[in-house]
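Each chain, written out:
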Amino acid sequence: MTDTFFHPVSGFDLPRFAGVPTFMRLPLVQPDHPRYGDVDVGLVGVPWDSGTTNRPGPRHGPRQLRDASTMIRAQHATSGMRPFEALNCADLGDVGPNPADIMDSMARITTFYEGMKKAGIRPLTAGGDHLTSLPVLRALANDAALGMVHFDSHTDLFHSYFNGTMYTHGTPFRRAVEEGLLDPKRVVQIGIRGTMYDAEDRDFAAANGIRLILIEEFHARGVADVMAEAREIVGTAPTYVSYDIDFVDPTFAPGTGTPEVGGPNSYQALQVCRELAGLNIVGADMVEVSPPFDTSGGTAFLGVSIMFEILCIMAGQGR
Ligand code: MN
Ligand code: MN
C-alpha cells in the first residue's frame, strides 16, 4: 500500500463529475512539486499536433482525455490489479509546446522527459499526434536502444513528406531507428492497414528487420497468438509501448485524423494490452485522439480505458 497522497479521489467521496479533472483523478505533481521525486509512473499531457499532415486536432487530446479519465475507477475488473496502490501515480501536467515551431517543441518535450528519467519516473503519455513519440524516445533511449510494441493502422516509417520535411507524424519511427533510439529487430507493429502511398515504409521495415503484423494476419490468428509473438520479439529488455488510437476501428474510435476501416473492436483494443504482461515497459503513450472529430468524447473514453490497461501492466512490473 503506497502513500495515500497518491491515491485518486474516489467516486464514493466526491461524485466523478465534480472537482478539477486531472488524469484519473490523481494529484497534480508538476516538476517543482516537493513530492515529484516520489512518483513512480507519471501521466503527462502533450497537447501538440504540429506533426499532423492532414486532419489536425490531437493538440486538444490531453484535455478531453483528462475529462474522460474521471470515469476510471481504482481496480481492474479481471486481474484485480489496483495500480494506484501498487505504485505512486500522479498527473505531471502538460509539456508546454510551441505550436509554431516543431524543433523547439521537440526540444521542450525531450527536456521534460529527461527530467522524469533522472527522477526515476516512468512516463504514460497522452498525446498529441504521433510525432510526440520521437522526442520522448530521445529522452528514454539516451543510453541504449529500446524495443517497441506499436499498435497502429500505419507504420509511421516514411522517410519524409512535402519534399524533404523529416519531422511529421508519418516519420517518427524512421527517425528513431536512424538515431539509434529503437532496435529495429525488437520492434513489432500491429494492425497495419489502409490504402497506401507506396511500399517505401514497408520496404524500410523489411530491410531493417522490423516485424509488421498486417490486419489480415491479426484477424486470422487472433489476439493471443499475435501477442505471444510480439512478446517474443521484444523479449525482457527495456521496451516502449506506443498506441495510436487509429489502431482501433473507426466505428469505435472516430475521433482521430487518419482513420482506417477494418480494424479491431474496442474489446480487442483492451485485450492486446492485457497481453503485454511480463514485459519490461519503460514508458508508453496514447496518441492521435482528436476531439474535434468526436465531440461525444467516446474516442477519448476508449483512449483512457486503454491507458488504464497499460498502467495496470506497468503496475504489475513493480517499482
Ligand atoms: Mn501513428
Ligand atoms: Mn495511425
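Just so you know, these numbers come straight off a predicted model, no measurement behind them.

Rules used in this analysis
- Residues numbered from 1 in each chain as written.
- Chains lettered and ligands numbered in written order.
- Predicted model: local features only at pLDDT ≥ 70, side-chain atom pairs only at ≥ 80, totals over all residues.
- Heavy atoms only, no water.
- Donors = N, O, S within 2.8 Å, 3.2 Å for Na, K, Ca; no water.
- Helix = DSSP H or I, 4+ residues; strand = E, 2+ residues; numbered from the N terminus.
- Salt bridge = Lys/Arg side-chain N within 4 Å of Asp/Glu carboxyl O.
- Buried < 20%, exposed > 50% of the residue type's maximum accessible area, 1.4 Å probe, protein only.
- Pairing = 2+ DSSP bridges.
- Axes fitted to C-alpha atoms, helices over the stretch in contact; angles between N-to-C directions.
- Contact = heavy atoms within 4.5 Å.
- Right-handed = clockwise from strand over helix to strand, strands pointing away.
- Core = buried A, V, L, I, M, F, W, Y, C linked by side-chain atoms within 4.5 Å.

### Concerning the coordination of the manganese ion (ligand 1)
Thinking step 1. Coordination of the manganese ion (ligand 1) by the protein comes from His130 (ND1), Asp152 (OD), Asp156 (OD) and Asp244 (OD), over a distance range of 2.1 to 2.2 Å.
Thinking step 2. When the donor residues of the manganese ion (ligand 1) are listed from N- to C-terminus, their spacing reads H-x21-D-x3-D-x87-D.
Thinking step 3. Separation of the manganese ion (ligand 1) from the manganese ion (ligand 2) amounts to 3.2 Å, with Asp152 serving as a shared donor to the pair. On the criterion of sequence distance, the pair formed by Asp156 in the loop between strand 4 (146-151) and helix 5 (172-178) and Asp244 in strand 7 (residues 239-244) is long-range, its members being 88 residues apart.

### Here's the deal with unusual backbone geometry
Thinking step 1. With an omega of 10°, the peptide bond running from Gly127 to Gly128 counts as cis.
Thinking step 2. Within the secondary structure, Gly128 sits in the loop between strand 3 (122-127) and helix 4 (133-140).
Thinking step 3. Although it is not a glycine, Asp156 sits at a positive phi angle of roughly 55°.
Thinking step 4. Look at Asn163: it is not a glycine, yet its phi comes out positive at around 60°.
Thinking step 5. In this structure, Asn163 sits in the loop between strand 4 and helix 5.

### Details of the pattern of salt bridges
Thinking step 1. Under the definition given, this model contains 20 salt bridges.
Thinking step 2. Notably, a salt bridge pairs Arg174 with Glu178, separated by 3.8 Å at the nearest N-O pair. Here Arg174 pairs with Glu178, and both are found in helix 5, just 4 residues apart, close to one helical turn.
Thinking step 3. Two residues, Arg211 and Glu217, come together in a salt bridge whose shortest N-O distance is 2.7 Å.
Thinking step 4. For Arg211, a relative accessible area of 24% translates into the label partly exposed.
Thinking step 5. Given a relative accessible area of 26%, Glu217 falls into the partly exposed group.
Thinking step 6. The network of salt bridges with common partners includes Arg211, Glu217, Arg221, Asp225 and Glu229.

### Here we look at the coordination of the manganese ion (ligand 2)
Thinking step 1. Protein coordination of the manganese ion (ligand 2) is provided by Asp152 (OD), His154 (ND1), Asp244 (OD), Asp246 (OD) and Asp246 (OD), with donor distances spanning 2.0 to 2.5 Å.
Thinking step 2. Each donor residue of the manganese ion (ligand 2) belongs to the same chain, and together they define the spacing D-x1-H-x89-D-x1-D.

### Digging into the sheet that holds strand 3
Across a sheet, strands are paired by hydrogen bonds formed along the backbone, either parallel or antiparallel in direction.
Thinking step 1. With respect to topology, 8 strands assemble into an open sheet ordered 2-1-3-8-7-4-5-6, the strand pairing being parallel. Two strands lie at the open edges of the sheet, namely strand 2 (89-94) and strand 6 (211-214), each paired on one side alone. Across the sheet, the mean angle separating the axes of adjacent strands is 15° when strand polarity is ignored.
Thinking step 2. Of the pairings in the sheet, the one linking strand 4 to strand 7 comprises 5 bridges and is parallel in character. Its bridge partner lying in strand 7, Met148 is registered against Tyr240.
Thinking step 3. The strands that helix 1 (residues 61-68) touches are strand 1 (41-46), strand 2 and strand 3; relative to strand 3, the one it contacts most, it runs at about 110°.

### Topic: the pairing of strand 6
Thinking step 1. Where strand 5 (residues 182-192) meets strand 6, 4 bridges bridge the pair, whose relative direction is parallel. Among the inter-strand pairings, Ile190 is bridged to a residue of strand 6, identified as Ile213.
Thinking step 2. The parallel pair strand 5 and strand 6, bridged by helix 6 (residues 200-208), forms a crossover whose chirality is right-handed.

### Regarding the nonpolar core
Thinking step 1. Counting residues in hydrophobic clusters, the biggest one holds 54 residues, and the most contacted among them are Phe151, Ile190, Met227, Tyr243 and Ile306.
Thinking step 2. When neighbours within four sequence positions are excluded, Met227 is seen to be in contact with Val149, Phe151, Ile190, Val272, Glu275 and Leu276.
Thinking step 3. Within the second largest apolar cluster, 37 residues are counted, among which are Val29, Ile121, Val136 and Tyr240.

So, to be careful, I would describe these as geometric facts and stop short of saying anything about function.
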